[in-house]
Each structure stands twice: as C-alpha cells, then as structure tokens.
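# Close look at the chain arrangement
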Amino acid sequence: MIFETADLEPNEIYRLLVGGITPRPIAWISTLSVDGVANIAPYSFFNVASCNPPILWYSQVNPRNGQDKDTIRNLIATKECVVHIAHTDLLEKMNLSCALLPPEQSEFDFAEIESEPSHAVAALAVKHALVRYECQLREVMQLSTLPSGGTVALLDVKSIYVADHLWNGQMIDQQQLQSVGKMGGNFYSLSTDLRKLSRP
C-alpha cells in the first residue's frame, strides 16, 4: 500500500510515521522555568546529532493549540536542561509525566519522581536515572508553525552522568541499562532481549 503524503491529513501522517519509525529512543527532559517550577517531559523524536562536539537533538511536535510546550519555553528562557535515559523501573513515572499540566504545576510532584541537584545546570535530575546528559541550548529551529509541525532544539552536552555499576571502563553496559523505547500508539519497547553482532 502506498500513501501519498500530499493526500493525507496531519494526524494520518503522524500515525504512519510513529507507527513505522520504531523503536525510538526517549529523551526524558527536565527544565526549570524562570519562576522556579521544575518541569519534566518525555520526547521520542530524539537522538545524537554530533559527537565532536557532543550535541543532542530533540523535536517538539507542535500542539494543536499553537502554543509551545513547557520544555521548549523553559529551554529558550534558561538555556539549560537535563536529558535522562529512562529505564524499565522508571517507565510508569515517565509515562505519567506526559500529562498536560499547567505551567505552574511540576511533573516531578505530579508523578512523584524523586529528584536531586544536577552537577552543572540548575534543572533538577531524576535521582534514579542511570544515564543523564546535562545540556546547554545551542539553537532552536522552527521547521513549521503549523499544528503537528516540528520545532527542533540542538543541545550541547556539558556533562554526562553514568551510574557506577553500568560503566565497565570502556562502555555503558547495555544489558544492565534496560532503556525503554517508544513504539506507535501507547506501546513501549523494552530492551530485555539483546542480540550482539560484530560489524563486518
């Protein structure tokens, strides 16, 4: 079956994109508002943009009401965030942080997420996250102002936290990381069945 995107509504395109491009890594991003409210939300349009210098990117799919989400607003105002890699034990709390809350209400409180101070940025860190990247905003690129359009943020990685038991001296132990990915609809993928193949 072939779908011509010019013939589809944005919500139809969305379902075809997120249902096929799977599993997607999830950036669980914490920020701090100018009023001091701790915000955290997951984004599955996310990946590494560069290793030298270290840059991550994530994209906000513009809400139908045309307003930016708290994360991008806070990022533009404060220039700082923490990108957490959620694992299986944090999946339900991460999912709760998707809730549409008013800007003055913290998802940390709503989802009862334990926090601690970050190393180099003001945004709070998720205490039990095993990997996190403390970042400074490099650039925001608005690809479309339309509903379901994209706003991309480039983030300079300033420091990286890895739980001691995950670091084997050379790499992050993939079997113990237990990171989760986003599938289409309300489905998530769990990294519990890993296959190791040497590159040719």
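To be clear, the structure that these remarks concern was listed above.
Residues numbered from 1 in each chain as written. Predicted model: local features only at pLDDT ≥ 70, side-chain atom pairs only at ≥ 80, totals over all residues. Heavy atoms only, no water.

## Details of the sheet that holds strand 6 (residues 80-85)
Pairing in this open sheet of seven strands is antiparallel, and the strands run 3-2-6-9-10-5-4 from one edge to the other. The open sheet is flanked by strand 3 (38-43) and strand 4 (46-51), the only strands paired with a single partner. If you compare each strand with its neighbour and ignore which way they point, the axes differ by 35° on average. As defined by bridge partners, strand 2 (residues 27-32) adjoins strand 3 across six bridges and the pair is classed as antiparallel. Bridge assignment links Trp 28 to a residue of strand 3, and that residue is Pro 42. (Pairing = 2+ DSSP bridges. Helix = DSSP H or I, 4+ residues; strand = E, 2+ residues; numbered from the N terminus. Axes fitted to C-alpha atoms, helices over the stretch in contact; angles between N-to-C directions.)

## Describing the nonpolar core
With 24 residues, the main nonpolar core has Leu 56, Tyr 58, Val 83, Tyr 133, Cys 135 and Leu 155 as its most contacted residues. For this core, the secondary-structure elements that each account for two or more residues are strand 2, strand 3, strand 5 (54-61), helix 2 (70-78), strand 6, strand 9 (131-142) and strand 10 (150-162). Once residues lying within four places of it in the same chain are set aside, the contact partners of Val 83 are Ala 27, Trp 28, Ile 29, Phe 46, Leu 56, Val 131, Arg 132, Tyr 133, Cys 135 and Leu 155. Core analysis: the next-biggest nonpolar cluster, separate from the first, contains 14 residues, Ala 38, Ala 111, Ile 113 and Val 126 among them. (Core = buried A, V, L, I, M, F, W, Y, C linked by side-chain atoms within 4.5 Å. Buried < 20%, exposed > 50% of the residue type's maximum accessible area, 1.4 Å probe, protein only. Contact = heavy atoms within 4.5 Å.)

## Brief notes about the pairing of strand 9
Taken together, the six bridges between strand 6 and strand 9 define a ladder with antiparallel strand orientation. Its bridge partner lying in strand 9, Ile 85 is registered against Val 131. Both strand 9 and strand 10 contribute to a ladder of 11 bridges, which runs antiparallel. Across the sheet, residue Arg 132 finds its bridge partner in strand 10, namely Tyr 161.

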